[in-house]
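# Close look at the chain arrangement
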Amino acid sequence: MISVAWIYLIIAGLLEPCWVVSLKKSEKFRNIRWTAATVAFLAASLYLLSLSMVTLPAGTAYAVWTGIGAAGALLAGIILYKESVTAARMFFVLIIVAGIVGLKITTVV
């Protein structure tokens, strides 16, 4: 069964690509609406990460958070900005996802 800490962590990780996309749209913080969205997504993501760290080991939580964020940001770039899709890129995203799953399976909480 998945714990509340893992739910917080997964949501925190899913918010990470949101702030990355809004940061790109902020146009070097010149667009106030996208800048505000960046700050809001980042704050929410960090807050949920901190909640997950009450229960989960810090190293595990941080690795999972950055892994979800990195994979999500890469996929967002492919979907929103037509960034290149290559077999190598997809392979390495799968390695990130495998690492996240591996940390979940091996973390005792």
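For the structure itself, consult the block above.
Quick look at the structure, then. Please read these numbers as outputs of a predicted model, since none were measured by experiment.

### Remarks on the overall build of the protein chain
The number of helices and strands found in the protein chain is four helices and zero strands. The N-to-C order of helical and strand elements in the protein chain reads α-α-α-α. Considered along the principal axes of its C-alpha atoms, the protein chain spans approximately 45 × 35 × 20 Å. When the 109 residues of the protein chain are sorted by exposure, 32% land in the buried category.

### Considering unusual backbone geometry
A positive phi angle is found at glutamate 27, which is not glycine, with a value near 55 degrees. With respect to the helices, strands and loops of the structure, glutamate 27 is situated in the loop between helix 1 (4–25) and helix 2 (32–52). Of note, the phi angle at lysine 82 is positive, near 55 degrees, even though the residue is not glycine. For lysine 82, the location among the structural elements is in the loop between helix 3 (58–81) and helix 4 (87–106).

Thresholds, definitions, all that
Residues numbered from 1 in each chain as written. Predicted model: local features only at pLDDT ≥ 70, side-chain atom pairs only at ≥ 80, totals over all residues. Heavy atoms only, no water. Helix = DSSP H or I, 4+ residues; strand = E, 2+ residues; numbered from the N terminus. Buried < 20%, exposed > 50% of the residue type's maximum accessible area, 1.4 Å probe, protein only.

As far as function goes, none of this settles anything; it's purely spatial.
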